[in-house]
Amino acid sequence: MKILNISHRHSLILSKFQNHIIKNVFKFRTRNSCPYHFLIHASRSRKNGSTMTVSCKLKTSKNDINRKSMDKSLQTKIVVPELDGAPSLSEAAEEGGSGAPAKQPPLSSKKNGFGLLKGFPRRVLAVLSNLPLAIAEMFVVAALMALGTIIDQGEVPEHYFQKYPEDNPVLGFFTWRWVLTLGFDRMYSSPVFLGTLALLGASLMACTYTTQIPVLKVAKRWSFLHSAEAIRRQEYSDTLPRASVQDLGILLMGAGYEVFLKGPSLYAFRGLAGRFAPIGVHLALLLVMAGGTLSATGSYKGSVTVPQGLNFVIGDVLGPSGFLSTPSESFNTQVHVNRFYMDYYDSGEVAQFHSDLSLFDLNGKEVMRKTISVNDPLRYGGITIYQTDWSLSALQITKDDEGPFNLAMAPLKINGDKKLYGTFLPVGDADSPDVKGISMLARDLQSIVLYDQEGKFAGVRRPNSKLPIDIDGFKIVVVDAIGSTGLDLKTDPGVPIVYAGFGALMLTTCISFLSHSQIWALQDGTTVVIGGKTNRAKGEFPEEINRLLDQVPEIVESTSSTQSNNLSG
């Protein structure tokens, strides 16, 4: 005799027990035609359902008698639900007893690998949507941006050799090798910055997919609560005696709620747009980062100083800033500087400077003309031309009524931010090793200071004044001072995207302050049970609901019904 436990494969599905105690013996044969005898003892409990204890006795041969001492009696309890129908096979297989559950056959290595691969995206999303990780990424991006403002951008390597030498490293370790190796000389297009920005964007998208979108889906679902206890479990709950749920719905509609009625139940909500706002904020941040990345990797930049009256081609000035930079047809446009002039304060200081520019296409046709100044650039074909600087290029004079002669002006180094330009008019033998001449200095286009051959002050003349000055026997007339305009040219395809992102960010940030409020109500006889919750303004929400409930009209019994009640009494 051997007592065995029924495995899950041979589990019996019983539809229902009619008696409290059932005893039954039945037989079935296995593949080896060994008969099993089963004794079934079943009991029924109102609380836990029905249980069944199965004992199995196996007829063995004489050779197996010696192994009786090694066998153990095993019992399995099968819980049968008190339903008319039989439990499903999955439920019958999942019900376990006091013994160990049946072992399932091991999965093949191919199935294990497929399961790991199938769950990999979910694990990646869980890691990327981690809030501490996203905050750390934002701090890293902010630190890199701050470092980009400290380190001069776009300079030649020699500049960094001198500023961050190896024999005197900054903070004891930071040298030019860090700058050039990590690409910090062009921070905003460096792999470190772009990689961190991409990781932050991935975290925002993962958070939107795993958190914000499910929250929005739940908020969009509206359902009625048919139990007064469920309504009372809300953040706010109250009871109105002798009231009508229809009257409450009318008042809620007047307060801006969307109201739904189904029999005695009511559901109302307001401020669903506030649930869309976090998704909008994430999308706006992604737009800003995408636009900034496009600006850093797909733009062109260049600077040029052009004397008045000369031309330049836009494509000769602009240089790519990243691997996404693509030239356009506007690069063939030619720019002509018609005139350069300045405005001055009463003190004589330069107040503003202007450049009159004309743009010509390949056929020599003028396509645009505009006078630009500081903070008033020219825009054409995706190219922006800024007025950023000025200088003096030449001084036009006559000597003894001969000329005019154009003398090139050179910048002179002086202390402070003020500019100073100078030129020299040789007098006598120009091939002599000891050449002397008349020196001329200018701070702007207003006046020219002249010195004789000994370096003594000779006088001041204004350009275009036609007033001669006699220096060492020479008659000098300052005809004109020719200025040069300093222009910065740039193409930035990411600017519209960045502006759109910031606009959306401001709008969605304001929308996010809207409260999403939900209210449930149930008509219980002449009593209305009200409950509600909100995600913001939790202190003002009960006050608002109390004001609405105070306006709900009270149901008063009619006079005839009162009199009939009195007569019957």
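Residues numbered from 1 in each chain as written. Predicted model: local features only at pLDDT ≥ 70, side-chain atom pairs only at ≥ 80, totals over all residues. Heavy atoms only, no water.

Points about the nonpolar core
If you look at the biggest cluster of nonpolar residues, it comprises 24 residues, and the most contacted ones within it are L395, M440 and I476. For this core, the secondary-structure elements that each account for two or more residues are β12 (334-344), β16 (383-399), β19 (421-427), β20 (436-442), β21 (448-451), β23 (469-471) and β24 (474-491). Once residues lying within four places of it in the same chain are set aside, the contact partners of I476 are T398, K399, L425, I438, M440, L450, L467, P468 and I469. One finds V259, A521, I530 and L549 within the second-largest nonpolar core, a separate group that totals 20 residues. (Core = buried A, V, L, I, M, F, W, Y, C linked by side-chain atoms within 4.5 Å. Buried < 20%, exposed > 50% of the residue type's maximum accessible area, 1.4 Å probe, protein only. Helix = DSSP H or I, 4+ residues; strand = E, 2+ residues; numbered from the N terminus. Contact = heavy atoms within 4.5 Å.)

Let's talk about the environment of F260
Within the secondary structure, F260 is located in strand β7 (residues 258-262). For F260, a relative accessible area of 24% corresponds to the partly exposed category. Counting along the chain gives 11 residues from F260 to G249, while the straight-line C-alpha distance between them is 8.0 Å.

Section: helix α11 (residues 495-511)
Its 17 residues place the ends of α11 24 Å apart at the C-alpha level, agreeing with the 24 Å of an ideal helix rising 1.5 Å per residue. Within α11, the full set of buried residues consists of V498, G501, L505 and T508. Down the axis of α11, the buried set is contained in an arc of 100°. They therefore lie on one face. The exposed residues of α11 that point more than 90 degrees off its buried face are P496, Y499, M506, L507 and C510. Summarising the contacts, the buried residues of α11 are in contact with α9 (273-298). (Expected span 1.5 Å × (residues − 1). Arc of directions from axis to C-beta.)

Thoughts on the packing of aromatic side chains
One pass over the structure, following the stated rule, counts 15 aromatic pairs. Taking 6.2 Å as the distance between ring centres and 35° as the angle between the ring planes, the aromatic pair formed by Y267 and F269 counts as tilted. Just as Y267 is buried, F269 falls in that class too. An aromatic cluster of at least three residues, connected via ring pairs, comprises Y164, F173, F174 and W178. The ring centre of Y341 lies 4.2 Å from the NZ or CZ of R339, which sits over that ring. The ring of W390 is capped by K419, whose NZ or CZ atom sits 4.5 Å from the centre of that ring. (Phe/Tyr/Trp six-rings, centres within 6.5 Å; stacked < 30°, edge-to-face > 60°. Lys NZ or Arg CZ within 6 Å of the ring centre and 35° of its normal.)

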